[in-house]
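Letter by letter, the chains look like this.
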There are 2 protein chains.
Amino acid sequence: MLDKLRIVLIGTSHPGNIGGTARAMHNMGLADLALVAPRCEVYGSESHARASGADALVSNAKVYATLEEAVGDCTFVVGASARVRHLPWPMLTPRALGERLPGECAPEAAQAALVFGREDSGMTNGELQRCHAHVHIPTNPDFSSLNLAAAVQVLAYECRLAALGADDAPDTPFGVEWDNPPASHEDLERFFAHLERTLTEIDFHDPENPRQLMARLRRLFMRSHIDSMEMNILRGILGAVNKQSRALARQESHDGNG
Amino acid sequence: MLDKLRIVLIGTSHPGNIGGTARAMHNMGLADLALVAPRCEVYGSESHARASGADALVSNAKVYATLEEAVGDCTFVVGASARVRHLPWPMLTPRALGERLPGECAPEAAQAALVFGREDSGMTNGELQRCHAHVHIPTNPDFSSLNLAAAVQVLAYECRLAALGADDAPDTPFGVEWDNPPASHEDLERFFAHLERTLTEIDFHDPENPRQLMARLRRLFMRSHIDSMEMNILRGILGAVNKQSRALARQESHDGNG
């Protein structure tokens, strides 16, 4: 299970936190570190010093320009975050995350990611809305800003406990053997782009005045953990709507010309 | 309960670990830090820098010459340690420690201590034998040396969970307070009927040869536990598709008549 778990750090500004994260990961048996647009030197002496024996994880860390790329192949993406202000999103405790992971990681094509935001400003709303769920580490309300590596340490610890106890956990995200592999993050993003185009086309959505429409639809579909066949069905439905729109446009232009 | 819990560090050699410990403690609502024979500067700039806002815990830390003195008033002393080699000692997992703490801390005169050894050599046998029990954080057998502040972070987190007591998660399916009530069963059934009519209208669905289409769509939407506003959005989308279908039908019949 732990080999299907990626730690993703967005916009890290202190190399010590990259090293501390690598050490925390290696301590708990995690190896896959991805860095999105780091704002500090990644492979320098300061990150290696804090890694303190987990240097290989730093050296092997992959750097990406966007979260999209870092989690493109992922079937389960969880963002570490305090509560979202405007639009509630499914929220797990670290323990509940541990309980879900064995099932989420069971399918052969499964790949999970735990995403951590910037030291100073966390994750953007757009980044948070790319997650299936959020996880919040309970902290002292008067002093809630966990050090980044400390937050990774706590969640990696819960992941390790979950992996040690995974024998009696369900085999899929749904507690029952499933018929299709989960859709990947890339599939989902293509679907959301297609959905937005289609809703614009049928005059249901105005990209100039989006309100929370796409955020709410993302939340709805992310929650349901779409499988690959369901994804094909949804794309097929959008295709059928597009076809009708084109037919209508042809008719109208035909009338215009006629 | 957390106010009866002392963190004791023995022979710490890096001031950053004192600061990191203070920050981890304050994050989890602990305040009582005791240092036994520290081998570095305690109240200097390096420990304060890593404390990052938990400075008061560093300033208030008490320094003792021996473990004896640091835990003299304690009724429950637990040492953080890997397994003892010669003489087996009661061993708790971090989670089992959390489960025991509320009871241990219940008596009015109760005072508990979690003791952490030196960065390089841990606790001596004499120190370990002054503990009621030992606690071991499960780690990667190939890389088991946790950073001191990281070990404090993990155990302090378990203490906080124990103090929060029974699951205090909000009373919704999503682990967070939700913005809209769930859709009713009736709403759902009306939606599925509307969805099926619409899919038929756009020639995506053939009721004469339904295969598993509606069953799969039901499964998908039932899983996501649709709320009432999401339900309105989905019905609105179907309505926009219906409107387009009617426009197309009008055009075609107009052409047919023309």
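Keep in mind the model is a prediction, meaning the values are calculated, not measured. Residue numbering note: each chain is counted from 1, following its sequence as written. Starting at A for chains and at 1 for ligands, labels are handed out in the order in which the entities are written. Per-residue local features of the predicted model are confined to residues with pLDDT of at least 70, and side-chain atom pairs are confined, for both listing and counting, to 80 or more; whole-chain, interface and lining totals are unaffected and use all residues. Note that the side-chain values use all heavy atoms of the structure and ignore hydrogens as well as water.

**Brief notes about the domain arrangement of chain A**
Residues and elements named next belong to chain A.
1) Next: Here chain A is described as being made up of domain 1 (2-168) and domain 2 (185-257).
2) Next: Segmentation of the chain into domains, including their bounds, is taken from an automatic or database domain assignment. The straight-line distance from the C-alpha centre of domain 1 to that of domain 2 is 31 Å.
3) Next: We call two residues in contact whenever any of their non-hydrogen atoms come within 4.5 Å of each other. The interface is formed by 18 residues belonging to domain 1 together with twelve residues belonging to domain 2.
4) Next: The term buried area denotes the loss of accessible surface (1.4 Å probe radius) that occurs when two parts are joined, taken as the sum for both partners. Here domain 1 packs against domain 2, burying approximately 1,300 Å² in sum over the two surfaces, 59% of which is carbon and sulfur.
5) Next: Area buried by domain 1 at its contact with domain 2 is led by Leu87, Arg130 and His132, which between them contribute 39% of it.
6) Next: Between Lys or Arg on one side and Asp or Glu on the other, a salt bridge is scored when a side-chain nitrogen of the former is within 4 Å of a carboxyl oxygen of the latter. Taken together, domain 1 and domain 2 are joined by one salt bridge.
7) Next: Polar contact is defined as a pair of N or O atoms within 3.5 Å, subject to the rule that within protein one atom must be able to donate a hydrogen and the other to accept it, and that residues adjacent in sequence are counted only when both atoms are side-chain atoms. The interface formed by domain 1 and domain 2 includes five residue pairs in polar contact (both at pLDDT 80 or more).
8) Next: A run of H or I in DSSP becomes a helix once it reaches four residues, and a run of E becomes a strand once it reaches two; helices and strands are each numbered from the N terminus. For the side of domain 1 that touches domain 2, the elements supplying multiple residues, two or more each, are β4 (76-80) and α5 (94-105).

**Considerations on the sheet that holds strand β3 (residues 62-64) of chain B**
Residue and element names in this part refer to chain B.
1) Next: Within the open sheet, the seven strands sit side by side as β3-β2-β1-β6-β4-β7-β5. Their pairing is parallel. Each edge of the open sheet carries a strand with a single partner, namely β3 and β5 (91-92).
2) Next: Across five bridges, the pairing between strand β1 (residues 5-10) and strand β6 (residues 112-116) is parallel. Within the sheet, the bridge partner assigned to Leu5 lies in β6 and is Ala112.
3) Next: Strands β1 and β2 (32-36) of the sheet are contacted by helix α1 (residues 15-27), whose axis makes an angle of about 155° with β2. DSSP-based pairing: two strands are paired if at least 2 bridges between them are found. An axis is simply a line fitted to the C-alpha atoms; with a helix, the fit covers only the stretch in contact. Between two such axes, the angle follows the N-to-C directions and lies from 0 to 180 degrees.

**Describing unusual backbone geometry**
1) Next: The phi dihedral of A:Asp203 falls on the positive side, at around 65°, and the residue is not glycine.
2) Next: Take A:Asp203: it is sitting in the loop between α8 (185-201) and α9 (213-223).
3) Next: Overall, A:Asp203 belongs to the exposed group, its relative accessible area being 70%.
4) Next: Here the phi dihedral of B:Ser52 falls at roughly 45°; this positive angle occurs in a residue that is not glycine.
5) Next: Relative to the assigned elements, B:Ser52 resides in the loop between α2 (45-51) and α3 (55-59).
6) Next: The exposure class of B:Ser52 is partly exposed, given its relative accessible area of 34%. Throughout, exposure labels follow a simple rule: accessible area from a 1.4 Å probe, protein chains only, divided by the maximum for the residue type, with under 20% read as buried, over 50% as exposed, and the rest as partly exposed.

**Topic: the environment of A:Ala24**
Residues and elements named next belong to chain A.
1) Next: Looking at the secondary structure, you find Ala24 in helix α1 (residues 15-27).
2) Next: Overall, Ala24 belongs to the buried group, its relative accessible area being 2%.
3) Next: Between the alpha carbons of Ala24 and Gly236 there is a distance of 44 Å; along the sequence they are 212 residues apart.
4) Next: Excluding its chain neighbours within four sequence positions, the residues that come into contact with Ala24 are Ala149, Val152, Gln153 and Ala156.

**A short note on helix α8 (residues 185-201) of chain B**
Two residues of an α-helix separated by three or four positions point the same way, owing to the 3.6 residues in each turn.
All names here are of chain B.
1) Next: Compared with an ideal rise of 1.5 Å per residue, which puts 17 residues at 24 Å, α8 spans 24 Å between its outermost C-alpha atoms and is within 8% of the ideal.
2) Next: Within α8, burial applies to Leu188, Phe191, Phe192, His194, Leu195, Thr198 and Leu199. Projection of α8 onto a plane perpendicular to its axis shows the buried side chains occupying an angular sector of 170°, all on one side. Facing away from the buried surface of α8 by more than 90 degrees, the exposed residues are Glu186 and Arg197.
3) Next: Note on α8: the residue one or two positions beyond its end, Asp203, has a positive phi of about 60°. What a helix should span is 1.5 Å times the count of its residues minus one. By definition, the arc is the one covered by directions from the helix axis to the C-beta atoms.

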